[in-house]
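Examining the three-dimensional arrangement
Residues per chain are reported as follows:
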Amino acid sequence: MSNPVFVLASASPTRKNILENAGITPIIKVSHFDEDAIQVSDPTSLVLTLAQCKAKAVAPEFAGQDALIIGCDSVMYLNGMIYGKPDSKEIAIATWQKMRGNYCELYTGHCLIDAKNQRSVMRHGVTKVHFSEVTDAEIDSYVDSGEPLCCAGCFTLEKLGGLLIDKIEGCHTNVLGLSLPILRQMLSELGYSIHFTANGTVIR
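Below you will find a few notes about this structure. (Residues numbered from 1 in each chain as written. Predicted model: local features only at pLDDT ≥ 70, side-chain atom pairs only at ≥ 80, totals over all residues. Heavy atoms only, no water.)

**Regarding the pairing of strand S1 (residues 5–8)**
As paired elements, S1 and strand S3 (residues 67–78) share four bridges and run parallel to each other. The partner of Leu 8 across the bridge, within S3, is Ile 70. Judged from the two bridges that link them, S1 and strand S2 (residues 27–28) form a sheet pairing that is parallel. From the neighbouring strand, Val 7 faces S2, where its bridge partner is Ile 27. Running through helix H1 (residues 13–21), the crossover from S1 to the neighbouring parallel element S2 is right-handed. (Pairing = 2+ DSSP bridges. Helix = DSSP H or I, 4+ residues; strand = E, 2+ residues; numbered from the N terminus. Right-handed = clockwise from strand over helix to strand, strands pointing away.)

What follows is the structure in structure tokens.
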């Protein structure tokens with residue numbers, strides 16, 4: 001019996017790296033879903049809806065095939081407000097002025113579709129991120145680097161932004177955009193298991 005192919009419905013290089021570091025080599029299929037079309041004020045509902053929409057946009061390409069498709073979406077929840085990717089340097093700076101010395105909750109929604117058996121499961125993760133008391137100069141130079149403009153919540157954990165984070169509470173890969181513990185749980189719920197080999201991780 002063949003093993004299912006694993007499809008990542010995302011252009012995110014970080015999500016791709018998470019999977020590859022865990023031994024899973026995904027097929028990349030960008031959903032091109034218009035995220036602005038979804039206007040939801042609850043962070044859990046928002047990330048789950050967007051993750052599902054992304055996975056469903058790609059799923060028809062693999063209809064009837066032995067394929068698993070995952071869609072993900074992340075937002076930052078800070079002081080009762082949802083933050084995605086900032087639209088400008090000015091917005092990123094203003095956001096970081098609220099973030100410093102504070103903490104946020106990073107929500108990531110996951111939707112895993114089993115194309116062959118026409119089943120799916122959705123889960124979300126929440127990780128608390130505590131930010132350092134960064135200076136105005138540090139904020140300005142970090143924003144000028146361009147990195148926070150490409151990230152939900154204006155920061156990264158695994159790159160430059162890691163220097164501005166004091167600690168996290170919860171799953172660190174959830175902060176990066178794809179929680180490996182949640183992925184393993186969803187695979188199990190759909191009846192799949194993982195098997196480790198010298199060449200990587202096999203899903204069967």
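**Details of the packing of aromatic side chains**
Per the counting criterion, the structure on display carries four aromatic pairs. Geometrically, the ring pair formed by Tyr 77 and Tyr 107 is edge-to-face, given 6.0 Å between the ring centres and 80° between the ring planes. Placement of the pair is Tyr 77 in strand S3 and Tyr 107 in strand S5 (residues 103–114), with a sequence separation of 30 residues. Owing to a relative accessible area of 24%, Tyr 77 belongs among the partly exposed residues under this scheme. For the pair Phe 131 and Phe 155, a centre-to-centre distance of 5.2 Å together with 80° between the ring planes defines the contact as edge-to-face. (Phe/Tyr/Trp six-rings, centres within 6.5 Å; stacked < 30°, edge-to-face > 60°. Buried < 20%, exposed > 50% of the residue type's maximum accessible area, 1.4 Å probe, protein only.)

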